[in-house]
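Descriptive structure summary
Given next are the chains, with one letter for each unit.
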Amino acid sequence: VLTLSASSRGIDQHDPAQVAALAAAQNLITHGVGNATTDEQIALGYLQVNTGNYKLGLDLFNRLLEGNPKLVAAYLGRGTAQALQGNLAQASKDFTTVTEIDPKCSDGWKRRGQTRAALGFDSDAVKDLTKAAEISPDHECFHQRGIVHHKMHDYRKGLKDFRKALDMESRNPITWNFVGLCENALGHTRESIIAYERATQLDPHFKEAWANMAQAHRDGGDRASAERFFAQSIKVDASYTHGYHLRGLLFYGCGEIRLALADFKQGVEMDGTDRNCQLMKAVCLNSLGMLSEAIAEYNVLLKLDPQHQCYYQKEIALWMHKNLDADILATNPDTQLDAYFKEAYCKRHPTSHPRMCNYRPQKPLNAKIPDVRQLDVPESAELRKIVELSRKFGKLIQLNTPGFLSNLRQHRSCGITIISMAQQARAFWSGGGKGSVKTRDGGDGSASCLYFDPAGSSKNTGKNHDFGYRDFMDIAVKWRQISEPNDPVFWIDLLAPEAFAEGFGLQTPMVTGQMNVVRYFPYFARSLEVVKRLIADSGACNVHDQRFMLPRQKLDQLEKATDCQGLWDVMQQGFYVETPCHSIARPGKIMAGTRITLLQKPPEGFDFTIRTPGTPPRWVEMDQEMAHVWKLLRVEAQRKPGPDVEKFTELALTFYFYWVNFGPLSRGTAACGYIAFFALMLSIGYEVDVSPPEGTQVDWPAILTPRPAEFAAEVTTWIGPGRVKSTILDECPLVATTIATPREMIEALNMV
């Protein structure tokens, strides 16, 4: 938009000629020449461009340039008209001409900077906008440069520019919104909310700012505030598709699948081309067991884009639909789905990836198999009892730390899983370690009956074997796979053999780029101390896996490092350290725990992450460790007249310790491990009636501690007082016989 203003008193505002003449007379034309006729033509051209009459404006500016090839105002006007029509290269050429004719013309540099940014030449755009700011610093220069820095993910510089812009124009709601975006991108949730509040105070109709504020509250784990502000954004504009999408994601993240589905449906109705809402509508239908509808929605997306990632969800939905009434004991997606398909899904490969070349798609939908009924309340007394008792345990796994929403569906899943795993573990303990292994038809319904079918096990590809730790964990994995169809949760050793041999790596960032990740940054300081200690003791490995030692003279500098930049200044290269994990199966043996990695990430950022490589040699070691702890748990559980609770608690925590250091799942390792701990304690008649203290995530201390006994001692300080005797397993119906199929699992999860 070109600058033009004039008093409207005494003129016809609908007559461009009168407005232009008045503006010229009052000398209100940007870059006018002082000639009334010429300035009037410039003003008229500006008016045509500002009102969308680009062709008329271009004709005027072309005529002016024929008479005066060095007329800056005409080049600015013509360049602006070209830019507004999408002719960016031509616009940039006109603005370049302005900078050549008059290098002191701030508008020339500014407009060319904006155009170059639109063309994707971000670094050049920053240079132009910097030049404009040097000539004539104003709000627009810093605001526009801030936008380019934000686009380049250089949020620190962007924030600095937006703050400068606000120094010049403090009541600009758009700039305040960008301040919020930058603060949130840096992981500063509270500061971003303050900025969004200011933006909405200045412009209560700023729907994007309301939605951004809601999203910041969601990122911080505050559902109530997020829901309130999403509602406000939609109140401002009832057709705001993006608002419905974001609120739908909030509801989905809270396990409110029906509420989420309503929002995604509304988004699709508002904008039938919105693929984000279309995808999540399908995912919600999938989650609820309305599989035929979900598959139809996936097909709509795939018709628009055959390479859409929903192909993987569609294939799993087809598999699930076919197996809705299969015995869950004998059914396992880990062994029944193609290994290369699972790898491609986990890594989000395009469906045309070479490793997918031999994949045989699932058979079409069988119309004779009905979808899952949408029930609000259990139909049987047994299921009602299980659902009721599950409420007690589900909430206990909730983390009270920023970034984690309370997910009711996952609470239900975790509660039922804890009871089911505890029942099976108790049956295993009571069976002398072998148990009277029963399939569905062979069980007698007693608490001492172990319901287990090797055909549905992830171990030994379904071959006969005794019930072990992996079969115990399969219960949790199957519930996780069904409760969250939007997550690829698989055993890593059952992915493509090449991926397993290469070392399928799990990664969790504490810092990524310039962002302090809200969920995990609280463990940055502790992780940094571990890194510094390991470097000082045994050096580090570079990105080529070559170990190097830090020169002695740099150790003092290392000790003083408090952030990623300080650590990089010492190391001068990307590196990783490997945390030690002490074995109890082989005393004296130290295994590779997890890798803590520091890499540079432009612009001016770092990736500081934990990475767990799932290589075959490491898998063998960790698998042996898990099997050993499982045997120790069995021995202690069978102790007469009863297990030593302190000893069993320590062993249950040791099981968790090795499990999270192992990292055997593509997703959900920590949650499944924590569920297993509760189940193990319940199997000997003890509830752990306590959630992690505020700010505590149980897996991080396990990963950052070298010995299981040290980890157990740390967490027992708050877990110990929460242990209480329980008779729940005596009064609860068997989950294995009450919820026997995927259909029944989904129905249980859908209960209100």
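This text follows the structure it describes.
Heads up: these notes are all about the structure in this document. (Residues numbered from 1 in each chain as written. Predicted model: local features only at pLDDT ≥ 70, side-chain atom pairs only at ≥ 80, totals over all residues. Heavy atoms only, no water.)

1. Thoughts on the pattern of salt bridges
Rules: Any carboxyl oxygen of Asp or Glu that lies within 4 Å of a side-chain nitrogen of Lys or Arg is treated as forming a salt bridge with it.
Scanning all chains against the criterion turns up 42 salt bridges. By sharing partners, the salt bridges in this structure join Asp107, Lys110, Arg111, Asp138 and Glu140 into a single network.

2. Focus: the sheet that holds strand β5 (residues 540–542)
Inclusion rule: Strands pair, by our definition, only if DSSP identifies at least two bridges between them. A run of DSSP states H or I qualifies as a helix once it reaches four residues; a run of E qualifies as a strand once it reaches two. Both are numbered from the N-terminal end.
If you walk across this open sheet you meet the seven strands as β4-β3-β9-β8-β7-β5-β6, and the pairing is antiparallel. Each edge of the open sheet carries a strand with a single partner, namely β4 (515–516) and β6 (547–548). Here nine bridges tie strand β3 (residues 504–513) to strand β9 (residues 605–614), and the two strands are oriented antiparallel to one another. Each bridged residue has a counterpart across the sheet, and for Gly505 the counterpart in β9 is Pro613.

3. Structural notes on the packing of aromatic side chains
For the record, the criterion: Any two rings among Phe, Tyr and Trp, with Trp reduced to its six-membered ring, count as a pair given centres within 6.5 Å; such a pair is stacked if its planes are under 30 degrees apart, edge-to-face if over 60, and tilted if neither. Relative accessible area decides the class of each residue, using a 1.4 Å probe on protein chains only: under 20% of the type maximum gives buried, over 50% gives exposed, and in between gives partly exposed.
In this structure the tally under the stated criterion is 33 aromatic pairs. Where Tyr656 meets Phe711, the ring centres are 5.9 Å apart and the plane angle is 20°; that geometry is what we call stacked. Of this pair, Tyr656 sits in helix α29 (residues 645–662) while Phe711 sits in helix α32 (residues 708–719); the two residues are 55 residues apart in sequence, bridging distant segments of the chain. An identical accessibility class is assigned to Tyr656 and Phe711; each is buried. Ring geometry for Phe677 and Phe678: centres 5.9 Å apart, planes at 75°, overall edge-to-face.

4. Regarding helix α10 (residues 173–185)
Since there are 3.6 residues in each turn of an α-helix, residues three or four apart along the chain are aligned in direction. For clarity, the threshold we go by: Helix span is expected to be 1.5 Å times the residue number reduced by one. Here a residue-residue contact requires only that any non-hydrogen atoms of the pair lie within 4.5 Å. What qualifies as a polar contact is a pair of N or O atoms within 3.5 Å, subject to a donor-acceptor requirement within protein and to the restriction that residues adjacent in sequence count only when both atoms come from side chains.
In this model, α10 (13 residues) spans 18 Å end to end at C-alpha, consistent with the 18 Å of a helix rising 1.5 Å per residue. Most of α10 is tucked away, with eleven of its 13 residues classed as buried. Of all the residues in α10, the buried ones are Pro173, Thr175, Trp176, Asn177, Phe178, Val179, Gly180, Cys182, Glu183, Asn184 and Ala185. For α10, the secondary structure elements touched by its buried residues are α8 (139–151), α9 (155–168), α11 (189–202), α12 (207–219) and β4. The opening residue of α10 is Asn172, an N-cap whose side-chain oxygen sits 3.0 Å from the backbone nitrogen of Ile174. Within two residues after α10, Gly187 carries a phi angle of roughly 90°, on the positive side.

5. Some words on the pairing of β3
Pairing geometry for β3 and β4, over two bridges, is antiparallel. If you follow Thr512 over to β4, its bridge partner there is Met515. The turn linking β3 back onto β4 is made up of one residue.

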